[in-house]
Each structure stands twice: as C-alpha cells, then as structure tokens.
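Below are the chains, spelled out letter by letter.
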Amino acid sequence: MSRSLRAALLATALSAASLPVLAQTAMPVVPMAGALTELDRQFMMVDASGGVYETSLAALAQQKTSREDIKTYAAMLLQDHAEHNGALQQLAMAKGIVLPTAMSADDRTRLNGINLQGGSTFDRSFILEAIRINDEDRKAAQQEAAATADPDVKAFLQRYAAMDARHEQAAKMLQR
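Turning to helix α3 (residues 68-95), a few remarks are in order. In this model α3 runs 40 Å from its N-terminal to its C-terminal C-alpha over 28 residues, within 8% of the 40 Å that 1.5 Å per residue would give. Listed in full, the buried residues belonging to α3 are Ile70, Tyr73, Ala74, Leu77, Asp80, His81, His84, Ala87, Leu88, Leu91 and Ala92. At its buried positions, α3 is contacted by α2 (38-64), α5 (119-147) and α6 (151-173). Of the residues one or two after α3, Gly96 is the one with positive phi, at around 75°.

Below is the structure:
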C-alpha cells in the first residue's frame, strides 16, 4: 500500500472515530451579528429576481395601458425599483454575493400571460398582480427583518419598507 493511500485511510479513520466525540461536544451554531445566513442570501436572491420581474411588469404596463393612473404608477415602480435594485446590488457585492439578473421561470410565465391580455383585462390583471407582488414583498421583508442578524441587511430592509407599503397602497387605489 502506498504511503499516500495509508495516510488517507488513517485520516478517514481518525475523523470517523472522532465524530461521536464531536457530536457530544458541539455547540449550537448561532449566527454572529453581521454574518449572513443562508436565509439572508436566499432573500437577496429572490428579491433581486423579483425586482427584475417588477420592473419588466411596470415597463409592460407603460406600453399597454391607456389609463394615465396606471402609467403614473408604473413610472413610480420603475423609478423606485431602479434605486432599490441598485442598492440591493451594492449590498450583495459588499457581502460577496452574485445576484441573478433575470426573473424566475414562474415570473416569466406570469409576465407572458399578462402580456397576452389587452384593454381593461390587461389593466385588471396588472393591478391584481401588482397588489399580489407587493403583499408578498412586504411579508418577505418583514420575515427577513425579524430573522436577520446582519445590520446591513436590517438597514436595507428598513430603508425600503416604506417603499413597499407605498407601492401596495397605490396598487390598491388603482382598483375602481
């Protein structure tokens, strides 16, 4: 048997033998303040993908609707999400995370379905989708704010909480 093979087998045996001892002495892992968890990373990934969807949906609304109030709302979404998505990108870069630049397959399917509609049917679908998205965004941000220990993520969420609430309220006002 070669020396390197013996060393590998010995290392495997030693680490296997020490597993019960490690299991008995292991302390629970608690994230340190400022340390990103997998939930933090997942939130940022979903938020980035959702931001692409929301801006695509808003751009579509500006093209397809004849209602000025919807065009105004869509312009607000585009402006606010340009800032939000840029801030999220900066936060992710600072944390060493590469965010997606495309929407999810589910969002792509939703967008395509809404795009197939026209007139008042499109307007209704857009408004309902805007309400749904903003309700989900608000809930996800609240859950993340309660769960994260990272002060930068907390600050980001606090900074944009009012935006999410404003978007949700404005979308509900579009229903007539």
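Another point: the environment of Val153. Of note, Val153 is situated in helix α6. Between the alpha carbons of Val153 and Asp40 there is a distance of 7.8 Å; along the sequence they are 113 residues apart. In contact with Val153, not counting residues within four places along its chain, are Leu36, Leu91, Glu144 and Thr148.

For side chains bearing opposite charge, pairing can occur when the charged atoms are close. Taken as a whole and assessed by the stated rule, the structure comprises 13 salt bridges. Residues Lys95 and Asp152 are paired through a salt bridge, measuring 2.8 Å at the closest nitrogen-oxygen approach. Remark: Asp152 occurs in helix α6 and Lys95 occurs in helix α3; sequence separation between them is 57 residues. By relative accessible area, which is 22% here, Lys95 ends up partly exposed. When its relative accessible area of 41% is taken as the criterion, Asp152 is described as partly exposed. Between Glu129 and Arg132 there is a salt bridge whose closest N-O contact spans 2.6 Å. With Glu129 and Arg132 both in helix α5 and three residues apart, the pair spans about one turn of that helix. Three or more residues joined by partner-sharing salt bridges are found here, namely Asp107, Arg110, Glu129, Arg132 and Glu136.

Formed by 20 residues in total, the largest nonpolar core has its most connected members in Tyr53, Leu57, Tyr73 and Phe126. Of all the secondary structure elements, the ones that give two or more residues to this core are α2, α3, α4 (105-115) and α5. At six residues, the largest contribution of residues to this core is made by α5. Contacts of Tyr73, omitting those with residues within four sequence positions, involve Phe126, Ala130, Asn134, His167, Ala170, Ala171 and Leu174. Listed in part, the 16 residues of the second largest apolar core include Phe43, Ala48, Leu91 and Leu157.

Quick look at α6 now. Its 23 residues place the ends of α6 34 Å apart at the C-alpha level, agreeing with the 33 Å of an ideal helix rising 1.5 Å per residue. Along its length, α6 reaches its greatest deviation from straightness, about 35°, at Tyr160. Elements that come into contact with the buried residues of α6 comprise α2, α3 and α5. N-cap assignment for α6: the residue whose side-chain oxygen lies 2.8 Å from the backbone N of Asp152 is Asp150.

Evaluation of the coordinates by the stated rule reveals one cavity of 30 Å³ or more. Its volume calculated, the largest cavity comes out at about 30 Å³. If you trace the largest cavity, you find it lined by Glu54, Leu57, Tyr73, Leu77, Ala130, Ile133 and Asn134. Contributing elements (two or more residues each) for the lining of the largest cavity: α2, α3 and α5. For the lining of the largest cavity, the element with the highest residue contribution is α5, accounting for three residues. Along the lines of polarity and charge, the residues of the lining of the largest cavity split into five nonpolar, one polar and one charged.

What counts, and at which threshold
Residues numbered from 1 in each chain as written. Predicted model: local features only at pLDDT ≥ 70, side-chain atom pairs only at ≥ 80, totals over all residues. Heavy atoms only, no water. Helix = DSSP H or I, 4+ residues; strand = E, 2+ residues; numbered from the N terminus. Expected span 1.5 Å × (residues − 1). Buried < 20%, exposed > 50% of the residue type's maximum accessible area, 1.4 Å probe, protein only. Contact = heavy atoms within 4.5 Å. Salt bridge = Lys/Arg side-chain N within 4 Å of Asp/Glu carboxyl O. Core = buried A, V, L, I, M, F, W, Y, C linked by side-chain atoms within 4.5 Å. Bend = angle between axes of the 7 residues up to and from the residue. Polar contact = N/O pair within 3.5 Å; in protein donor to acceptor, adjacent residues only side chain to side chain. 1 Å grid on protein atoms, 1.4 Å probe; cavity = no way out; pocket = protein on both sides within 12 Å on 5 of 7 lines; lining within 4 Å. Points joined across faces, edges and corners; volume = space filled by probe spheres on them. Nonpolar A, V, L, I, M, F, W, Y, C, P; charged D, E, K, R; others polar.

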